Amino acid sequence: MSQLLHTMIRVGNLERSIAFYTQVLGMKLLRTSENPEYKYSLAFVGYGEESTGQAVIELTYNWGTEKYDLGTGFGHIAIGDDDIYARCEAIAAAGGKVTRAPGPVAGGTTEIAFVEDPDGYKIEFIQMKSATQGLG
């Protein structure tokens, strides 16, 4: 059976991004690697290993590139949480940027919130009780 393993995003400062995903969002740093020949470093973060069925995020730092144009094709990373209200309070207290306060989606009852990582990537938090349903 196939499994979603990871989503890769390019970051402008690997240490800053690792700190955000581990210290602010509570993920674990699973592994890192460097490729001096091609001048890039990777860090994999997540709430659990891919071997347990968890999807993770691959943070890719191309040496010397400090900023990326995020473009219009990428939407967001979604994370289910038992209490998005407490999660957003903790993120804000840790210096994270909450861009949409927790609450129901427009015209529906699914509770969501959005935060941004240090590179501007959007991360949606969905209340777990409705995380496997469509927004509504």
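The structure we're discussing is the one just above.
Since the model is a prediction, treat every value here as computed from it, not as a measurement.

**Thoughts on the overall build of the protein**
For the protein, the helix and strand inventory stands at two helices and eight strands. Walking the protein from its N terminus toward its C terminus, one meets helices and strands in the order β-α-β-β-β-β-α-β-β-β. Relative to the 2.2 N^0.38 estimate, which gives 14 Å for 136 residues, the radius of gyration of the protein is 15 Å and therefore close to what a compact globule would have. Projected onto the principal axes, the alpha-carbon positions of the protein cover approximately 50 × 35 × 30 Å. When each of the 136 residues of the protein is scored for burial, the buried share is 40%.

**Points about unusual backbone geometry**
At Lys39, a residue that is not glycine, the phi angle is positive and equals roughly 60°. Take Lys39: it is sitting in the loop between strand 2 (28-35) and strand 3 (40-46).

**So, the sheet that holds strand 2**
The strand order 1-4-3-2 describes an open sheet built from four strands, whose pairing is mixed. Bordering the open sheet on either side are strand 1 (6-10) and strand 2, each of which pairs with just one other strand. In this sheet, neighbouring strand axes are inclined to one another by 20° on average, regardless of whether the strands run parallel or antiparallel. The pairing of strand 3 with strand 4 (residues 56-62) spans six bridges and is classified as antiparallel. Its bridge partner being in strand 4, Tyr40 is matched across the sheet by Asn62. Against the sheet, helix 1 (residues 14-24) engages strand 1, strand 2, strand 3 and strand 4, with an angle of about 165° to strand 4.

**Some thoughts on the packing of aromatic side chains**
For any pair of aromatic rings, the description rests on two quantities: the centre-to-centre distance and the angle between the ring planes. For the structure on display, the rule yields two aromatic pairs. On the basis of an interplanar angle of 90° and a centroid distance of 5.2 Å, the ring pair of Phe20 and Tyr21 is categorised as edge-to-face. Taking the centre distance of 5.7 Å and the plane angle of 85° together, the rings of Phe74 and Tyr121 count as edge-to-face. Pair noted here: Phe74 is in the loop between strand 4 and strand 5 (77-81) and Tyr121 is in the loop between strand 7 (111-116) and strand 8 (122-127), with a separation of 47 residues, a long-range link. Look at Phe74 and you get partly exposed, because its relative accessible area is 33%. Its guanidinium or amino end placed over the ring of Phe44, Arg31 lies 4.0 Å from that ring's centre, counting from NZ or CZ.

**Structural notes on the sheet that holds strand 8**
Sheet architecture is open: four strands sit in the order 5-8-7-6, paired in mixed fashion. Taken across any chain shown, the strands that pair with only one partner, and hence form the sheet edges, are strand 5 and strand 6 (97-104). Here the strands of the sheet are splayed against their neighbours by 20° on average, with no regard to which way each runs. Of the pairings in the sheet, the one linking strand 6 to strand 7 comprises five bridges and is antiparallel in character. Bridged to Pro104 within strand 7 is Glu111. Relative to the sheet, helix 2 (residues 84-93) contacts strand 5, strand 6, strand 7 and strand 8, its axis offset from that of strand 6 by approximately 165°.

Conventions and cut-offs
- Residues numbered from 1 in each chain as written.
- Predicted model: local features only at pLDDT ≥ 70, side-chain atom pairs only at ≥ 80, totals over all residues.
- Heavy atoms only, no water.
- Helix = DSSP H or I, 4+ residues; strand = E, 2+ residues; numbered from the N terminus.
- Rg over C-alpha atoms; globule rule 2.2 N^0.38 Å.
- Buried < 20%, exposed > 50% of the residue type's maximum accessible area, 1.4 Å probe, protein only.
- Pairing = 2+ DSSP bridges.
- Axes fitted to C-alpha atoms, helices over the stretch in contact; angles between N-to-C directions.
- Contact = heavy atoms within 4.5 Å.
- Phe/Tyr/Trp six-rings, centres within 6.5 Å; stacked < 30°, edge-to-face > 60°.
- Lys NZ or Arg CZ within 6 Å of the ring centre and 35° of its normal.

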